[in-house]
Amino acid sequence: MEVNEDVMAANKRAFLNFLDEDVGKGFYMKAIRDMVQNKRCRLILGMDDIRSYSLDLARRLIRNPGDFIQPISDALTEVTRNVDPKYLKEGERVLAGFSGPFGFHKVTPRDLMSSFIGSMVCVEGIVTKCSLVRPKVVKSVHYCPTTSLFTSREYRDITSMTGLPTGSVYPTRDENGNLLVTEYGLCEYKDHQTLSMQEVPENSAPGQLPRTVDVIIEDDLVDSCKPGDRVSIVGIYKALPGKSKGSLNGVFRTVLIANNVSLLNKEANAPIYSLEDLKRMKEIAKRNDTFDLLGNSVAPSIYGHLWIKKAVILLMLGGVEKNLKNGTHLRGDINMMMVGDPSVAKSQLLRAVMNIAPLAISTTGRGSSGVGLTAAVTSDQETGEKRLEAGAMVLADRGVVCIDEFDKMNDQDRVSIHEVMEQQTVTIAKAGIHASLNARCSVIAAANPIYGTYDRSLTPTKNIGLPDSLLSRFDLLFIVLDQMDPEIDRQIAEHVSHMHRYCTDDGGIGAFEKGARYTEEDDGDVNAPIFVKYDRVLHGHEKKRGKRQKNERLTIKFLKKYVHYAKNRIQPKLTDEAADHIATLYAELRDASASAKSGGGTLPITARTLETIIRLSTAHAKLKLRNEVLKGDVEAALMVLNFAIYHKELTDMEEREQREREMEMKQKADHDPGHDADMDGRTDAMEVDEVPEVETDEISPERIEAFETILGQHVLANHLDQISISEVERLVNREAPAPYTRRQVESILERMQDANRIMIRDGILRII
Amino acid sequence: MVGLPYDCVANPHGAVRLTFEKAVAASQDADSVAALCGKDWGAVDLFRMFLFEEDGLSKVPILNKSSLPWIKPNTLVRFRGMVQDMLGNELYIGAFKDGSTWRTNKFTDVACRPIPSSCQSFLWERRLFVCVPVPGQNSWILDAAPQVVLNSYDKDDASQHGEKRMRDASHDAMELNVLDEMDSSCSKKQREDEHIFQSCQSLVGEAVLQGGMLENRNNLGESSFSCLVKAYDLPESHLKLNDVFEFIGIYTFDPELVHMSSTDDSSFDLMEDVSNQLPPNKVPRLHCLVSRKLAVQDFLSGSLALQPLPNVMSDIRESLLVHLSALLGNDTVAAQFLLLHLLSRVRHTMDVIAVGKLSLNLTGFNRESASVFGNQLNDIIMELFPFSKVIPLSVEYLNNAVLQPRKDNQSGRLVTGVLQLAEGTHLTIDETHLQAGVLNSVGVENARLLKNLMEWQTVQYDFEYYKIEMAADIQMLIFSEGKSNILPADMILPFRPESFVRVKKASTEELQAWRWYLATVKSLHYSNGPQVQQMLEDEIVAAMREDRSLGYKDLERVLIMAQLLSASLGERSVSLEQWQKAKELEKLRKERLR
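Residues numbered from 1 in each chain as written. Chains lettered and ligands numbered in written order. Predicted model: local features only at pLDDT ≥ 70, side-chain atom pairs only at ≥ 80, totals over all residues. Heavy atoms only, no water.

As a reminder, the rule being used: UniProt positions are given in the numbering used here, feature names are shortened, and annotations may be inferred rather than shown by experiment.
Going by an unreviewed UniProt entry, chain B carries the name Mini-chromosome maintenance complex-binding protein and comes from Dendrobium catenatum. Taken directly from UniProt, the Subcellular location (unreviewed entry) text for chain B runs: "Nucleus".

So this is what it looks like as structure tokens:
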């Protein structure tokens, strides 16, 4: 022990020096003062601070924490006494906890090998059980009535940092055999609790069960976590002899003696991005084909449906939500729905989302009642107590809800999710409980058409068979159909046969464990390769065909990181240019939908569509890791939206043609905007039979368009849903180069009302 | 102990010690011992040589419920079972210096001599697994296992009874119900002789008598026989949950330890050692020396050594098909589909899709036909596969059964569920018992589990605070009246028996040939050359042109069928002929569906 004391003293000195230097900024002095103020008795020291003070000290601290904890605590106590002499009572001391980067000493319960014994580690996991908090005697004081002497005795066990553990024998007689009376009031106790911590499921290796480690927490740390919490615990890993005497069977048990417990929130299961990752993310964002690349990386086992996959990417990224001062909440989450024939891989897409999205909860329309989706008040059958039960959408707050078989849901349940989808809250007013729960989630739903299979002779809305009020809450609605194209047939054939050939090559019993789902999780390496290795057999001859560079795909692991980074770190703002563009496009869409006879689009074009464009553009800007939404983002968003609304399968060629057509269209639009839709090939949807010029000969279409643009912008910028006509007049005349007369304004607005886009009542127009 | 200073079977510790001393003898310093950590010093090699080269394997007794009372502690045994739970690592004093000599504690629970209180020692690690007999294992694999002559006792029949008891254990209560029903059917007389259920039943009485004696030492239920395997120096990925392994190692039993565990102080009430719940007098300890993963082939009796020649294969295939169609009342189409189903397995998982599975739903059953044909089919499946299970699906069953394996965080154990099955288990679900009724939350969850297993070949394990999906490879066969909506199978085929003939029980030779055939075809690696690939693509495109309603899933199914058809003939790549045949079969199936 004596030798040790020298070491201890040296360590204490070293540490006092560290505190004196105090990172050069008085950081720890402030921390100590805060600690005093908050009446706490534990100071958390950053490992990086210690490391930058002395690499050697940090290294020794991690390797041999037993030699340091006590001196550090002594040093801290001393400094604290200097800061505030009255704070610590006699015998009280300041405890030390550690945080910060632990390098390879940051482990999961699985990695805790015997080599870590005696060193300081940082372990992450889920608390699976907690014992009761029990007092543990540290010092007992005994009084002997015969001799009138007080004797005291200290107890140490595995958790104490100094000295050897003592026995737990309680003295009842002194050396001379006189009876002792325990003075309970003078004894010292400390709180003591044991936990079990289990490996987090994301880290568990394929085919292995999660490991568990036992943790002892004491003093102020007790009750700092409860079962189910994800925590990161810093502590000393120790081995203690088995309960049956160690000399007999030589088996040891291991425990972690904690000095710092920090709760990890939902975010904490987020991937850790290294600098290298960030660099590569930026590289990818710079590429021209970022969108295609990411889209292709989603669910590679499903052939085609690139647009839907792209939409899935945008959905996972989401827009930016806004909370206006007046309390209005504008959702940033994108909702989408897929309707299509059975067996077109809808469910598989949902499952792919489950695998990639950071927080995803899946449910089915049939299996969950409205309660299962939103929330419910239930009463306990035995006690009769009322409880609030959160449903899938509440649980998926800030995440994604996948709802399969949306059409199988009954009407009541559908009504109950109306609120959730737009307002993103669940309001409960029942049985004396009034609560509003957040449910800020994206919904991705899959449904079968109303007649089982998609009837091409009917309009999309008739096929879907869901009420418009609900449909309008979906930003995107995809009709997933079997594709009728020999070229596509060929590609599917290739895909199917290659998938099977690939797997059969692999053979062997263990083959099915090598699934991509697992291999990606296998590599704990932060700098894992980001592209899926090109496998000629798997990916076929696509490259040779030279049609599309489809062989490049991101690994799921990297894709997850990318999505997480882009979703949470980038909050793009709308630029003026983009806003103008959105307004123009919106007006175009409105026109198109108003003039199309049969309502060829899948979704009604409403003000919500406008929001949709903003959200999609924002998501696309996130995808490019830009902090501004540019015109290009709007274009990209519109392409997705167009695809969704007019359910077109656009092959590359068509796409290119379409782009050309769009260019043409734009040029033409200058001369004859009324005919623009005709120029487009989208006959089923944008066909304009009657050019509305007839009714409005006095106002030129350009002027109408300009008017609508201005109005649209205004509505967009201020998030209005109603506006008075005189205000509209003022507005357009302020913005427009040539003034509109009141009559002109009214006639344009009437036109808009006819097109069911606005409603005019008592001089107030409401945007529908 | 002639020639060698130890006997590998009777005194394995001697061999361990000897090799250890030899390894240490080279130098006495601590470094050489430290270097032995996590490594084998020659002991395992010695045993390997003894077992596999000197043909010692047959001398090693098999550890099971019945042999347990007779096997002496500290002898070499082997155990075949499924890894049911993983208890994590255990640290032990691997080597210590007793005076001037190094001693080791490896492969033992108790130090050979007391460890001095302060001495140089090293902590080593070993992994603990709880292994159980493979759920649903069929009796023939026990019969096929080579009999071992035990020196300590020569009650051969006793061990046989024990095995029969094991077989008994493998039938759960549900199967016994089936048995009752079957008995009441007219078929009783004819089956009498070799019928497994019958023999089983006749043995129940005896087994109980035998059991009474055993129960003194092992008062656990039949099915709960398990074994705590302590494995050394294995790479993490070597053993996976639900793997079927053969462990050869040292069986230890120490009466002192039993005593110790019962008198625990409760200073760390929470941190109770998990293995304490597995008292050594009930759960034997096995210190594993050699372990190997078992494939179906390992369960086949060695006498049959057939070459996978095309003509041999097609002969066996033919005889199996004839037998199957006879069992199915001469429904040859159903027999073909059944054969394909029996040959299928999950070959690979591509992100979420399990490629190669081919579940079959035979519709058109009613209660009577299900009990007649269904039982016949179940019987043959039990004879053909090493592991199989039957689930009679009913509302009551769904509401009450524990299908999902669940981690009990309080005890730290994984509580098994019906769906914790070994790879390659055949699962028959009889839906004909299903009546209209209300499912409770357990029932909904169970139905979902079954559906997920069917569609994605994964089973969700409940870990209280989260769920983990484990990949599975279970062949699923469903009998139902109409198309099963709860369990959407890959292939739905209305079953049309023409006649009901009592089928003669297949001979042992036939059964052996069929088992060998199924195992061989299943393990066949196929690969399609580029030409075949091109041909298939053309064919798929042509098929799609022909029938616009063909979806992605249909194409996949036909492709799998074609592949299995080719494989069933021992071919390694799909031929045009088999593709056509698969299409033909699919057409027949579609016609029936109409």
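After that view, the rundown keeps rolling.
**A few points about the overall build of chain A**
Selection rule: Secondary structure follows DSSP: runs of H or I at least 4 residues long count as helices, runs of E at least 2 residues long count as strands, and numbering of each begins at the N terminus. Residues are treated as being in contact if the distance between any of their heavy atoms lies within 4.5 Å. Per-residue and other accessible areas follow the Shrake-Rupley method at a 1.4 Å probe size, with only the shown protein chains counted as cover for residues.
Secondary structure summary: chain A contains 29 helices and 27 strands in total. The long-range share in chain A, meaning contacts at least 24 apart out of those at least 6 apart in sequence, stands at 70%. Carbon and sulfur atoms make up 51% of the accessible area of chain A, which totals about 34900 Å².

**Brief notes about the overall build of chain B**
Selection rule: Accessibility here uses a 1.4 Å probe with only protein chains present; expressed as a share of the type maximum, an area under 20% marks a residue as buried, one over 50% as exposed, and anything in between as partly exposed.
If you tally the helices and strands in chain B, you get 18 helices and 17 strands. Per-residue burial over chain B gives 59% buried out of 594 residues. Pairs at least 24 apart in sequence give 79% of the contacts found in chain B among residues at least 6 apart. Split by element, the accessible area of chain B, about 23700 Å² in all, is 52% carbon and sulfur.

**Details of the packing of helix H17 (residues 552-568) of chain B against helix H18 (residues 576-593) of chain B**
Residues and elements named next belong to chain B. How we decide: Whenever a helix is involved, its axis is fitted only over the stretch in contact; in every case the axis is a line through C-alpha atoms, and angles between N-to-C directions fall within 0 to 180 degrees. Geometric relationships in this document are graded by angle, where less than 35 degrees denotes roughly parallel, more than 145 denotes roughly antiparallel, 65 to 115 denotes roughly perpendicular, and other angles denote oblique. Each helix crossing is assigned a hand: it is left-handed if the near helix lies turned anticlockwise from the far helix by less than a right angle, otherwise right-handed if that turn is clockwise. Polar here means any residue outside two lists: the nonpolar Ala, Val, Leu, Ile, Met, Phe, Trp, Tyr, Cys and Pro, and the charged Asp, Glu, Lys and Arg; Gly therefore counts as polar.
Put simply, H17 and H18 touch, their axes get as near as 8 Å, and they point 125° apart. Classified by the angle their axes make, H17 and H18 are oblique. Relative to H18, the crossing made by H17 is right-handed. Counted together, Asp-554, Arg-557, Val-558, Leu-559, Met-561, Ala-562, Leu-565 and Ser-566 of H17 and Gln-578, Trp-579, Lys-581, Ala-582, Lys-583, Leu-585, Glu-586, Arg-589 and Lys-590 of H18 form the full contact between these two elements. Looking at the contact of H17 with H18 residue by residue, the class counts come to eight nonpolar, two polar and seven charged.

**Quick word on the sheet that holds strand S9 (residues 360-363) of chain B**
Each strand in a sheet pairs with its neighbour through backbone hydrogen bonds, running either in the same direction (parallel) or in the opposite one (antiparallel). Residue and element names in this part refer to chain B. Worth spelling out the cut-off: Note on pairing: DSSP must find at least two bridges between two strands before they are called paired.
One open sheet holds the five strands; their spatial order is S10-S13-S16-S9-S17, and the pairing between them is parallel. Pairing within the sheet leaves two strands with one partner each, and these edge strands are strand S10 (388-392) and strand S17 (491-494). Ignoring strand direction, the axes of neighbouring strands in this sheet form an average angle of 15°. Here S9 runs beside S17; their pairing, made up of four bridges, is parallel. Within S17, the residue paired with Asn-361 across the bridge is Ile-492.

**Overview of the environment of Glu-422 of chain A**
Note that Glu-422 of chain A resides in helix H13 (residues 411-423). Judged by relative accessible area, Glu-422 of chain A falls into the buried class, the value being 15%.

**Points about the side chain of Asn-399 of chain B**
Residues and elements named next belong to chain B. Keep this limit in mind: In protein, a polar contact requires one atom able to donate a hydrogen and another able to accept it; more generally it is a pair of N or O atoms within 3.5 Å, and residues adjacent in sequence count only if both atoms are side-chain atoms.
Summarising the element assignment, Asn-399 is placed in helix H13 (residues 395-400). The exposure class assigned to Asn-399 is buried, which follows from its relative accessible area of 14%. At a separation of 3.1 Å, a polar atom in the side chain of Asn-399 contacts the main-chain carbonyl oxygen of Val-438. The residues contacting Asn-399, other than those within four sequence positions of it, are Val-438, Leu-439, Asn-440, Val-442 and Gly-443.

**Focus: the confidence of the model for chain A**
All names here are of chain A. To be explicit about the condition: Think of pLDDT as the predictor's per-residue confidence, scored from 0 to 100.
Scored by pLDDT, chain A has a mean of 71; 71% of the residues are at 70 or more. Throughout residues 503-528 the model reports pLDDT below 50, and contacts reaching past four residues in sequence, or to other chains, amount to 65 contacts. Of the regions scoring below 50 in pLDDT, residues 668-697 engages in 47 contacts with residues more than four places distant in sequence or in other chains.

**Quick look at the pairing of strand S11 (residues 251-264) of chain A**
Most of S11 of chain A sits inside the fold, with 11 of its 14 residues counted as buried. As judged from the three bridges shared by strand S9 (residues 212-218) of chain A and S11 of chain A, these two strands associate in the parallel manner. Looking across to S11 of chain A, one finds that Asp-214 of chain A is bridged to Val-255 of chain A. Sheet topology note: the S11 of chain A/strand S1 (residues 75-98) of chain B ladder contains two bridges and is antiparallel. Bridging from a neighbouring strand, Phe-252 of chain A pairs with Leu-91 of chain B of S1 of chain B.

**A short note on the side chain of Asp-633 of chain A**
Within the fold, Asp-633 of chain A resides in helix H23 (residues 631-646). With sequence-adjacent residues up to four places away left out, Asp-633 of chain A is seen in contact with Ser-617, His-620, Ala-621, Lys-624, Arg-626 and Glu-628 of chain A.

**Comments concerning the nonpolar core**
Quick note on the threshold: By nonpolar core is meant a set of buried Ala, Val, Leu, Ile, Met, Phe, Trp, Tyr and Cys residues that side-chain atoms within 4.5 Å join together.
Within the largest apolar cluster, 76 residues are counted, with the highest numbers of intra-cluster contacts made by Leu-324, Leu-362, Ile-380, Leu-384 and Tyr-517 of chain B. If you look at the next biggest cluster of nonpolar residues, it comprises 68 residues, including Ile-308, Ala-566, Leu-625 and Phe-643 of chain A.

**Section: the packing of helix H10 (residues 310-327) of chain B against helix H11 (residues 332-343) of chain B**
All names here are of chain B. Their axes nearest at 8 Å, the elements H10 and H11 cross at an angle of 120°. It follows from the interaxial angle that H10 and H11 lie oblique. Relative to H11, H10 is oriented so that their crossing is right-handed. Only Thr-332, Ala-335, Gln-336, Leu-338, Leu-339 and Leu-342 of H11 make contact with H10, whose side of the interface consists of Arg-317, Leu-320, Leu-321, Leu-324 and Ser-325.

**Here we look at the packing of aromatic side chains**
All names here are of chain B. Spelled out, the test is: The rule is short: rings of Phe, Tyr and Trp, with Trp giving its six-membered ring, pair when the centres are within 6.5 Å, and they are stacked under 30 degrees, edge-to-face over 60, tilted in between. Two thresholds decide whether a charge sits over a ring: the Lys NZ or Arg CZ must be within 6 Å of the ring centre and within 35 degrees of the ring normal.
Under the counting rule described, the total for this entry stands at seven aromatic pairs over all chains. The interplanar angle of 55° and the centroid separation of 4.6 Å between the aromatic rings of Phe-107 and Tyr-232 together place this pair among those described as tilted. Separated by 125 residues along the polypeptide, Phe-107 in the loop between strand S2 (101-104) and strand S3 (121-132) and Tyr-232 in the loop between strand S4 (227-231) and strand S5 (244-252) bring together distant segments of the chain. On the accessibility criterion, Phe-107 (1% relative accessible area) is buried. For Tyr-232, a relative accessible area of 7% puts it in the buried group. Considering the side-chain rings of Phe-365 and Phe-479, the 4.9 Å spacing of their centres and the 50° angle between planes classify their relative orientation as tilted. Of the two residues, Phe-365 sits in the loop between S9 and helix H12 (367-384) while Phe-479 sits in strand S16 (residues 474-479), which places them 114 residues apart along the sequence. With respect to burial, Phe-365 and Phe-479 carry one shared label: buried. We note Arg-126 situated over the ring of Tyr-92; from NZ or CZ to the ring centre the distance is 4.2 Å. Above the face of the Trp-140 ring, Arg-515 is positioned so that its terminal group lies 4.0 Å from the ring centre.

**Thoughts on the sheet that holds strand S14 (residues 336-340) of chain A**
Residue and element names in this part refer to chain A. The five strands lie next to each other as S15-S18-S21-S14-S22, forming an open sheet whose pairing is parallel. Strands at the two margins of the open sheet, each flanked by one partner only, are strand S15 (360-364) and strand S22 (476-480). Taking the axes of each pair of neighbouring strands and ignoring which way they run, one obtains an average angle of 15° across the sheet. Relative to strand S18 (residues 400-404), S15 runs parallel, the two being bridged by five bridges. Residue pairing in the sheet places Ala-360 in a bridge with Val-400 of S18.

**Concerning the pattern of salt bridges**
Just so we agree on the cut-off: Every case where a carboxyl oxygen of Asp or Glu lies within 4 Å of a side-chain nitrogen of Lys or Arg is listed as a salt bridge.
In the structure shown here, the tally under the stated rule is 25 salt bridges over all chains. Between Lys-139 of chain A and Glu-188 of chain A there is a salt bridge; the shortest N-O distance is 3.8 Å. Taken together, the residues span a long stretch of sequence, with Lys-139 of chain A in strand S5 (residues 134-144) and Glu-188 of chain A in strand S8 (residues 188-198) at a distance of 49 residues. A relative accessible area of 39% places Glu-188 of chain A in the partly exposed class. Notably, a salt bridge pairs Glu-586 of chain B with Lys-590 of chain B, separated by 3.9 Å at the nearest N-O pair. You can see Glu-586 of chain B and its partner Lys-590 of chain B sitting in helix H18, four residues apart, about one turn around the helix. Via salt bridges that share partners, Asp-554, Arg-557, Glu-586, Arg-589 and Lys-590 of chain B belong to a single interconnected network.

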